[in-house]
Amino acid sequence: MADDRQEMGTLGLLALLIGGGCLLVALVSVFNVAFELELSIKVSGTETELPQHWDEVVGLAGVGALIVGLALFGGLVRRRFAAAKGRPLARVGILAGAALFLAAAFRGLQIVALTHTYGSMLAYYATDGDLDDVRAELAKGPDRSALDQAVGRAAQYDNAGALALLLAAGADMRDSTREPQFRRCALVGRKPAFVRTALAHGVTADACPNGETAVREAVERGQDDAETAEIVALLVAAGWSAAATPEYDRRTAAEIAAAKQWTHTAAALAAATR
């Protein structure tokens, strides 16, 4: 038993040293990022750059805090468990309580990580999650930024079901919470079901920023002739131009369809010019 306690103490101390090291590096990295010092750590001939972005600093600090917290918590549980010698029910209660606490803590960390990655839990669930989760988040009254982020994520995953819920809850495709130069039309490059859902909820060409060339991009990015023809017909009927081209490439949608030898798409584009 003495050996076991010593081993656990050694492991706990090692964890504290590792976690403390992460926190120390994160602290130094605060100055590295704030003053653009471009510092690095050199050990045994190898060189490792310190974090140069705030999200990396936060992530490293979070890892350090987690390791230290787990080490301290593990030591506390071990001491309580040892003190409950001869009381099996108490020991079971200690282990069960520790397990519940860890589950709650890791769920909290998961939420923080997902929110940091996706912008909000609504945006995370709008990717390919359960639509009931999307409804639950919408019931909390998300702000415009969260709605915009969720629409973007739903578009990324072609999640027409999530898009329908978002638009019905007051979201739109204007992407208005971002800087104008970064706004984009979430319909560009999407599947027919997603496009159809957006149009059914009143999305128009003038309400989808930087999406003037959506028809051309649908043809350029498309992988299937019949599917692309359907998208073209939907967009043109909703007011998008079949002739618009980007400044970096003046090929028209019709020229791209001809190069791909897509007869269905070519026919849809021809019908749009009549």
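Model, not experiment: these values are computed from the prediction.

Engineer: Quick rundown of the overall build of the protein? Include the residues and the values.
Structural biologist: Helix and strand counts for the protein come out as 12 helices and two strands. Computed over C-alpha atoms, the radius of gyration of the protein comes to 27 Å, more than 25% over the 19 Å expected from 2.2 N^0.38 for 274 residues, which places it beyond the range of a compact globule. Counting every position in the protein, which comprises 274 residues, the buried fraction comes to 33%. Here the protein displays about 16100 Å² of accessible surface, and carbon together with sulfur accounts for 59% of that area. Put simply, the protein has 26 plus and 31 minus side-chain charges, and the middle of one group is 8 Å from the middle of the other.

Engineer: Which residues make up the packing of aromatic side chains, and what are the values?
Structural biologist: Counted by the stated rule, this structure contains three aromatic pairs. Between the aromatic rings of Tyr124 and Tyr125, the centroid separation amounts to 5.3 Å while the plane-to-plane angle is 50°, which identifies the pairing as tilted. On the basis of relative accessible area, Tyr125 is assigned to the buried category, the value being 12%. Connected via pairs of aromatic rings, a cluster forms that spans Tyr118, Tyr124 and Tyr125. Against the face of Phe81 rests Arg91, its NZ or CZ located 4.1 Å from the ring centre.

Engineer: Give me the lowdown on the pairing of strand S2 (residues 46–49), citing residues and values where you can.
Structural biologist: As judged from the four bridges shared by strand S1 (residues 40–43) and S2, these two strands associate in the antiparallel manner. Each bridged residue has a counterpart across the sheet, and for Val43 the counterpart in S2 is Thr46. Once S1 ends, the chain turns through two residues before running back antiparallel as S2, passing Ser44 with a positive phi of about 50°.

Engineer: I'd love a proper account of helix H8 (residues 192–200), names of residues and values included.
Structural biologist: Where H8 is concerned, the buried positions are Pro192, Phe194, Val195, Thr197, Ala198 and Leu199. Along its buried surface, H8 packs onto helix H6 (144–156), helix H7 (160–168) and helix H10 (225–237). The first or second residue beyond H8 is Gly202, which carries a positive phi of 90°.

Engineer: If you had to explain the pattern of salt bridges to someone new, which residues and values would you point to?
Structural biologist: Considering all chains together, one arrives at 12 salt bridges under this definition. Salt-bridge contacts for Arg144 lead to Asp172; the nearest nitrogen and oxygen are separated by 3.6 Å. Taken together, the residues span a long stretch of sequence, with Arg144 in helix H6 and Asp172 in the loop between H7 and H8 at a distance of 28 residues. Looking at Arg144, the relative accessible area reads 32%, which means it is partly exposed. Taking the relative accessible area as the measure of exposure, Asp172 reaches 22% and is therefore partly exposed. Glu227 is the partner of Lys191 in a salt bridge, and the nearest nitrogen-oxygen pair spans 3.4 Å. Of this pair, Lys191 sits in the loop between H7 and H8 while Glu227 sits in helix H10, placing them 36 residues apart in sequence. Each of the salt bridges in this network shares a partner with another, and the network as a whole consists of Arg216, Glu220, Asp249 and Arg251.

Engineer: Explain the nonpolar core residue by residue, including any values.
Structural biologist: Counting 46 residues, the largest nonpolar core has Leu166, Met173, Leu187, Val215, Leu235, Trp240 and Leu269 as its most contacted members. The residues contacting Trp240, other than those within four sequence positions of it, are Cys185, Leu187, Leu199, Val203, Thr204, Ala205, Cys208, Gly211, Glu212, Ala214, Val215 and Leu235.

Engineer: Any details on the packing of H7 against H8? Residues and values, ideally.
Structural biologist: Contact geometry for H7 and H8: axes closest at 9 Å, N-to-C directions at 10°. Between H7 and H8, the crossing angle belongs to the class labelled roughly parallel. Where H7 crosses over H8, the handedness of that crossing is right-handed. In this structure, H7 uses Ala160, Leu163, Ala164 and Leu167 to contact H8, whose residues at the interface are Ala193, Phe194, Thr197 and Ala198. Residues belonging to the contact of H7 with H8 are distributed by class as follows: seven nonpolar, one polar and no charged.

Engineer: Mind laying out the side chain of Thr197, listing which residues take part and the relevant values?
Structural biologist: Tracing the sequence through the fold places Thr197 in helix H8. Of note is the side chain of Thr197, whose polar atom sits 2.8 Å from the backbone oxygen of Ala193. When sequence neighbours within four positions are dropped, the list of residues in contact with Thr197 reads Ala160, Leu163, Ala164 and Leu167.

Engineer: Describe the packing of helix H3 (residues 88–118) against helix H4 (residues 121–128), listing the residues and the values that go with them.
Structural biologist: Following both chains from N to C, one finds H3 and H4 inclined at 80°, their axes separated by 8 Å at the closest point. As the angle between them shows, H3 and H4 are arranged roughly perpendicular. Contacts between H3 and H4 involve Arg107, Ile111, Leu114, Thr115 and Tyr118 on the former and, on the latter, Met121, Ala123, Tyr124, Tyr125 and Thr127.

Engineer: Explain a nonpolar patch on the surface residue by residue, including any values.
Structural biologist: Together, Leu24, Leu27, Val28, Val30, Phe31, Phe35, Leu37, Leu39 and Trp54 make up an exposed nonpolar region whose accessible area comes to about 850 Å². By secondary structure assignment, the location of Phe31 is in helix H1 (residues 2–34).

Parameters and conventions
Residues numbered from 1 in each chain as written. Predicted model: local features only at pLDDT ≥ 70, side-chain atom pairs only at ≥ 80, totals over all residues. Heavy atoms only, no water. Helix = DSSP H or I, 4+ residues; strand = E, 2+ residues; numbered from the N terminus. Rg over C-alpha atoms; globule rule 2.2 N^0.38 Å. Buried < 20%, exposed > 50% of the residue type's maximum accessible area, 1.4 Å probe, protein only. Areas by Shrake-Rupley, 256 points an atom, 1.4 Å probe, with all protein chains shown as cover. Lys, Arg positive; Asp, Glu negative; His and termini not counted. Charge placed at Lys NZ, Arg CZ, Asp CG, Glu CD. Phe/Tyr/Trp six-rings, centres within 6.5 Å; stacked < 30°, edge-to-face > 60°. Lys NZ or Arg CZ within 6 Å of the ring centre and 35° of its normal. Pairing = 2+ DSSP bridges. Contact = heavy atoms within 4.5 Å. Salt bridge = Lys/Arg side-chain N within 4 Å of Asp/Glu carboxyl O. Core = buried A, V, L, I, M, F, W, Y, C linked by side-chain atoms within 4.5 Å. Axes fitted to C-alpha atoms, helices over the stretch in contact; angles between N-to-C directions. Parallel < 35°, antiparallel > 145°, perpendicular 65-115°, else oblique. Left-handed = near helix turned anticlockwise from the far one by under 90°. Nonpolar A, V, L, I, M, F, W, Y, C, P; charged D, E, K, R; others polar. Polar contact = N/O pair within 3.5 Å; in protein donor to acceptor, adjacent residues only side chain to side chain. Patch = residues over 30% accessible without salt bridge, like charges linked within 9 Å, V, L, I, M, F, W, Y side chains within 5 Å.

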